[in-house]
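# Coordinate inspection notes
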Amino acid sequence: MKKRVAAIYRAARFSPNSVQKDAAILENVTRRLDADVTMFSEDAWPVEGLADGCYDYLLSMARSPEVLDALDLAERQGAKVINRAEGVRRCCRSVLNRIMRQEGIPVPPERGEHGCWLKRGDAAAQEEGDVCFVADERELAEKITAFRERGISNYVVSAHLEGDLVKFYGVKGAGFFRYYYPTDDGDSKFGDERRNGVAHHYAFSLQDLHQTSERLAEVVGIDVYGGDCIVTSEGRFFVIDYNDWPSFSRCREEAAEAIASLVK
């Protein structure tokens, strides 16, 4: 009997400038499965059978509270959920920031000599203004006020670090890990990558970055992950972002193979 799989697209509001890319990785994964697959958006709610034991696997890019709650129930009823709802909740930026600092993951300090970043803390960025660079304390106060006027009281502040911006992608336990310099190909969601300039390709330990990323995936509780780090001229890396199930647009085919291998 074939496995029963539900594949849940991420809602457009959680995929700013990335709707097609996010859909493409999920579709690439399902094409590799020998299973009966049902695909739907997390906006198509409620979905019959999602939490009623109708599926063996739930491949979910969802972030809405309603669907995450349903995924929790499905998991309690025996379904294998990728990524687990609790892990997705822990990728909320303010929660993630606390976890990384508690676990000793190398992250930037809150303040530095080159300005800092103000980031929405209650959710992943949904529009360009959810992440912004500020040059000094005066501008930071102004941006925080603007956040509050938008109803955002949960935020994270971290120092801007000079160095190479590196994006990395992985699948926990599958032996898949890739990294790229976004300024090499110019592919950008909001253009913030330009703040660090053209990459110098400073040497660093890829093994250490992979091990750190896998440990963070284990602590947070997700299988499919991606993130960003800054590599300094001394070869140190600092994680500045970590996400549940990115689009893998730079390595989609390889990533799809690795993710599909989790459906056993």
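Just above sits the structure.
Keep in mind the model is a prediction, meaning the values are calculated, not measured.

### Description of the overall build of the protein chain
- Each helix and strand counted, the protein chain has 8 helices and 11 strands in total.
- Here the protein chain has a C-alpha radius of gyration of 19 Å; the compact-globule value for 264 residues is 18 Å, and the two agree.
- Over its C-alpha atoms, taken along the principal directions, the protein chain stretches across nearly 60 × 40 × 35 Å.
- Residues counted as buried form 53% of the 264 residues belonging to the protein chain.
- For the protein chain, the exposed surface amounts to about 12300 Å²; the carbon and sulfur share of it is 46%.
- A gap of 2 Å separates the mean positions of the 35 positive and 44 negative side-chain charges of the protein chain.

### So, the packing of helix α4 (residues 93-102) against helix α7 (residues 206-220)
- Packing of α4 against α7 leaves a shortest axis separation of 11 Å and a crossing angle of 120°. One way to sum up the angle between α4 and α7 is to call them oblique. Crossing of α4 against α7: the hand is right-handed. On the side of α4, the interface is formed by Leu96, Ile99 and Met100, while α7 contributes Leu216, Val219 and Val220.

### As for the nonpolar core
- In terms of nonpolar packing, the biggest core is built from 25 residues, with Ile25, Val29, Leu59, Phe176, Trp245, Phe248 and Ile259 touching the most fellow members.
- For this core, the secondary structure elements donating two or more residues are β1 (3-9), α1 (19-30), β3 (57-60), β8 (164-171) and α8 (252-260).
- For this core, the leading source of residues is α8, giving 5 residues.
- Excluding anything up to four places from it in sequence, Leu59 contacts Val5, Ala6, Ala7, Ile8, Leu26, Val29, Leu33, Ile82, Trp245 and Val263.

### Some remarks on unusual backbone geometry
- For the bond from Ile82 to Asn83, the omega torsion is -5°, close enough to zero to count as cis.
- Its identity is not glycine, yet His201 carries a phi of approximately 60°, on the positive side.
- Along the chain, the position of His201 falls in the loop between α6 (182-185) and α7.

### Comments concerning the packing of α1 against α8
- Running from N to C, α1 and α8 point in directions that differ by 50°, and their axes come no closer than 8 Å. Considered as vectors, α1 and α8 are oriented oblique to each other. The hand of the α1/α8 crossing is right-handed. Each of Lys21, Ala24, Ile25, Asn28 and Val29 in α1 lies in contact with α8, whose residues at this interface are Arg252, Glu253, Ala255, Ala256, Ile259 and Ala260.
- For the contact of α1 with α8, the class distribution of residues is 7 nonpolar, 1 polar and 3 charged.

### Considerations on the environment of Arg250
- Tracing the chain through its elements places Arg250 in the loop between β11 (237-244) and α8.
- With relative accessibility at 18%, the residue Arg250 sits in the buried group.
- C-alpha separation for the pair Arg250 and Glu218, spaced 32 residues apart in sequence, amounts to 24 Å.
- Polar side-chain contacts of Arg250 include one of 3.0 Å to the side chain of Tyr169.

### Observations regarding the sheet that holds β3
- Pairing is parallel across the open sheet formed by 4 strands, whose spatial order is β2-β1-β3-β4. Bordering the open sheet on either side are β2 (35-41) and β4 (80-82), each of which pairs with just one other strand. Going from strand to strand, the sheet's axes swing by 15° on average, the running direction of each strand aside.
- By the bridge criterion, 7 bridges tie β1 to β2 in an arrangement that is parallel.

### Quick notes on the pairing of strand β10 (residues 224-231)
- For β10, a buried count of 8 out of 8 residues is recorded, marking the element as mostly surrounded by other parts of the structure.
- With burial as the criterion, each face of β10 is covered, one bearing Val224, Gly226, Asp228 and Ile230 and the other bearing Tyr225, Gly227, Cys229 and Val231.
- Where β8 meets β10, 8 bridges bridge the pair, whose relative direction is antiparallel. Of the residues in β10, the one forming a bridge with Val166 is Cys229.

### Remarks on the sheet that holds strand β5 (residues 116-120)
- Judged by pairing direction, the sheet is antiparallel, and its 3 strands sit side by side in the order β6-β5-β7 without closing on themselves. Each end of this open sheet is capped by a strand with a single partner; those strands are β6 (131-134) and β7 (155-159). Sheet twist, expressed as the average angle between the axes of neighbouring strands with direction ignored, equals 20°.
- The strands touched by α4 within the sheet are β5, β6 and β7, with β7 carrying the most contacts at an inclination of about 50°.
- Against the sheet, helix α5 (residues 137-149) contacts β5, β6 and β7, and its axis sits at roughly 5° relative to β5.

Conventions used here
- Residues numbered from 1 in each chain as written.
- Predicted model: local features only at pLDDT ≥ 70, side-chain atom pairs only at ≥ 80, totals over all residues.
- Heavy atoms only, no water.
- Helix = DSSP H or I, 4+ residues; strand = E, 2+ residues; numbered from the N terminus.
- Rg over C-alpha atoms; globule rule 2.2 N^0.38 Å.
- Buried < 20%, exposed > 50% of the residue type's maximum accessible area, 1.4 Å probe, protein only.
- Areas by Shrake-Rupley, 256 points an atom, 1.4 Å probe, with all protein chains shown as cover.
- Lys, Arg positive; Asp, Glu negative; His and termini not counted.
- Charge placed at Lys NZ, Arg CZ, Asp CG, Glu CD.
- Axes fitted to C-alpha atoms, helices over the stretch in contact; angles between N-to-C directions.
- Parallel < 35°, antiparallel > 145°, perpendicular 65-115°, else oblique.
- Left-handed = near helix turned anticlockwise from the far one by under 90°.
- Contact = heavy atoms within 4.5 Å.
- Core = buried A, V, L, I, M, F, W, Y, C linked by side-chain atoms within 4.5 Å.
- Nonpolar A, V, L, I, M, F, W, Y, C, P; charged D, E, K, R; others polar.
- Polar contact = N/O pair within 3.5 Å; in protein donor to acceptor, adjacent residues only side chain to side chain.
- Pairing = 2+ DSSP bridges.

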